[in-house]
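Okay, here's what each chain looks like letter by letter:
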Amino acid sequence: MEAKELMEKAVRFHGHICPGLAIGVLAAKYALEHEFEHSPNEEIVAVVENDNCSIDALQAILGTTYGKGNLIHHDYGKMNYYFYNRRTEKAVRLALKKSEFSNKMLSKDEKVQLLLNSKPEDIFNIYDIEYNPPGLAQIEESVPCEICGELTMSSRLMTYNDSEMCISCYKKTRG
Ligand SMILES: [Zn+2]
Ligand SMILES: [Zn+2]
């Protein structure tokens, strides 16, 4: 699919047109063209190092979503994208580089147009990497917090004063 068609799909999900989304579209386009197909389950995992608009393009186009657990965010503030294919064990890393579109003189619209007319290779440094994906999303039991009674994933319970409590109650109790 052309970048412009992918962009339309991403905009329907994201809500507006912006350069960040166009960057994510190009990352997703590269993935689709290199054996990472849309992922209804957890076949593809995306690991990202930022939480800006670009991530919505991955969710809309690749099906790597926060809710399914096949979108992992590291808060490093870097425009880096890792894709892992659990079926083929292929892995790739895309790192945004400084290029024409980062010119501050360009308007938002000009940036979007420039990006959509670029190839992923124009804006990213791209590396084949070792296949070492994050583990599959875990399904675990939820138990009531002993303080507020709300259901809480058992691995997130904190023990304090002989009570098992959720993180919000733990923070309140400790002041
Ligand atoms: Zn946006
Ligand atoms: Zn609680």
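Residues numbered from 1 in each chain as written. Chains lettered and ligands numbered in written order. Predicted model: local features only at pLDDT ≥ 70, side-chain atom pairs only at ≥ 80, totals over all residues. Heavy atoms only, no water.

Engineer: Sorry, what's going on with the layout of surface pockets here?
Structural biologist: Over the atoms rolls a probe the size of a water molecule, and in doing so it shows where empty space is left. By volume, the largest pocket is sized at about 150 Å³. For the lining of the largest pocket, the class distribution of residues is 3 nonpolar, 3 polar and 3 charged. (1 Å grid on protein atoms, 1.4 Å probe; cavity = no way out; pocket = protein on both sides within 12 Å on 5 of 7 lines; lining within 4 Å. Points joined across faces, edges and corners; volume = space filled by probe spheres on them. Nonpolar A, V, L, I, M, F, W, Y, C, P; charged D, E, K, R; others polar.)

Engineer: Just checking my understanding: could you explain the coordination of the zinc ion (ligand 1) for this structure?
Structural biologist: Surrounding the zinc ion (ligand 1) are the protein donor atoms H14 (NE2), H16 (NE2), C18 (SG) and C53 (SG), at 2.1 to 2.3 Å. Between the 4 donor atoms coordinating the zinc ion (ligand 1), the angles at the centre fall across 90 to 134 degrees, so the site counts as tetrahedral. Residue classification places C18 among the buried residues on the basis of a relative accessible area of 5%. Taking relative accessible area as the criterion, C53 reaches 28% and is therefore assigned partly exposed. (Donors = N, O, S within 2.8 Å, 3.2 Å for Na, K, Ca; no water. Tetrahedral: all angles 85-135°; square planar, octahedral: opposite > 155°, others 65-115°. Buried < 20%, exposed > 50% of the residue type's maximum accessible area, 1.4 Å probe, protein only.)

Engineer: Where do I start with the pairing of strand β4 (residues 90-96) in this structure?
Structural biologist: Residues in a regular strand point their side chains to alternate faces of the sheet. Counting buried positions along β4 gives 5 out of 7 residues, so the element sits mostly inside the fold. In the sheet, strand β3 (residues 80-85) pairs with β4 via 6 bridges, with the strands oriented antiparallel. Counted as the bridge partner of N80 is A95 from β4. What sits between β3 and β4 in their antiparallel hairpin is a turn of 4 residues, with E89 showing a positive phi close to 60 degrees. Where β4 lies against strand β5 (residues 124-128), 5 bridges are found, and the strand directions are antiparallel. Directly across from V92, in β5, lies its bridge partner D128. (Helix = DSSP H or I, 4+ residues; strand = E, 2+ residues; numbered from the N terminus. Pairing = 2+ DSSP bridges.)

Engineer: So what exactly am I meant to see when it comes to the coordination of the zinc ion (ligand 2) here?
Structural biologist: Taken together, the protein ligands of the zinc ion (ligand 2) are C145 (SG), C148 (SG), C166 (SG) and C169 (SG), with distances of 2.3 Å. Relative accessible area serves as the criterion here: at 4%, C145 is assigned to the buried category. Assessed through its relative accessible area of 8%, C166 is described here as buried.

Engineer: What is the right way to look at the side chain of S54 in this model?
Structural biologist: Tracing the backbone through its elements, the reader meets S54 in helix α3 (residues 54-62). On the basis of relative accessible area, S54 is assigned to the buried category, the value being 0%. Among the polar contacts made by the side chain of S54, one reaches the side chain of N50 at a distance of 3.5 Å. (Polar contact = N/O pair within 3.5 Å; in protein donor to acceptor, adjacent residues only side chain to side chain.)

Engineer: Teacher, can you tell me more about helix α2 (residues 19-32) here?
Structural biologist: Since the α-helix packs 3.6 residues into each turn, any two residues three or four apart lie on the same face. For α2, built from 14 residues, the straight-helix expectation of 20 Å at 1.5 Å per residue is met to within 8% by its first-to-last C-alpha distance of 20 Å. Within α2, 13 of the 14 residues are buried, which leaves it mostly tucked inside the rest of the structure. (Expected span 1.5 Å × (residues − 1).)

Engineer: Sorry if this is basic, but what is going on with the nonpolar core here?
Structural biologist: Nonpolar side chains tend to gather and get buried jointly when the protein is soluble and globular. Counting residues in each nonpolar core, the largest one holds 35 residues, and the members touching the most others are M7, V25, L58, Y81, F83, L94 and F124. With 9 residues, the single largest contributor to this core is α2. Not counting residues within four places of it along the chain, the set of residues in contact with L58 comprises G24, A27, A28, A46, V48, G63, T64, Y81 and F83. (Core = buried A, V, L, I, M, F, W, Y, C linked by side-chain atoms within 4.5 Å. Contact = heavy atoms within 4.5 Å.)

Engineer: Any chance you could explain the environment of L116 here in plain terms?
Structural biologist: In this fold, L116 is placed in helix α4 (residues 108-116). Residues L116 and V25 lie 91 residues apart in sequence; the distance between their C-alpha atoms is 8.3 Å. With residues near it in sequence (within four places) discarded, L116 still touches A3, K4, M7, A22 and V25.

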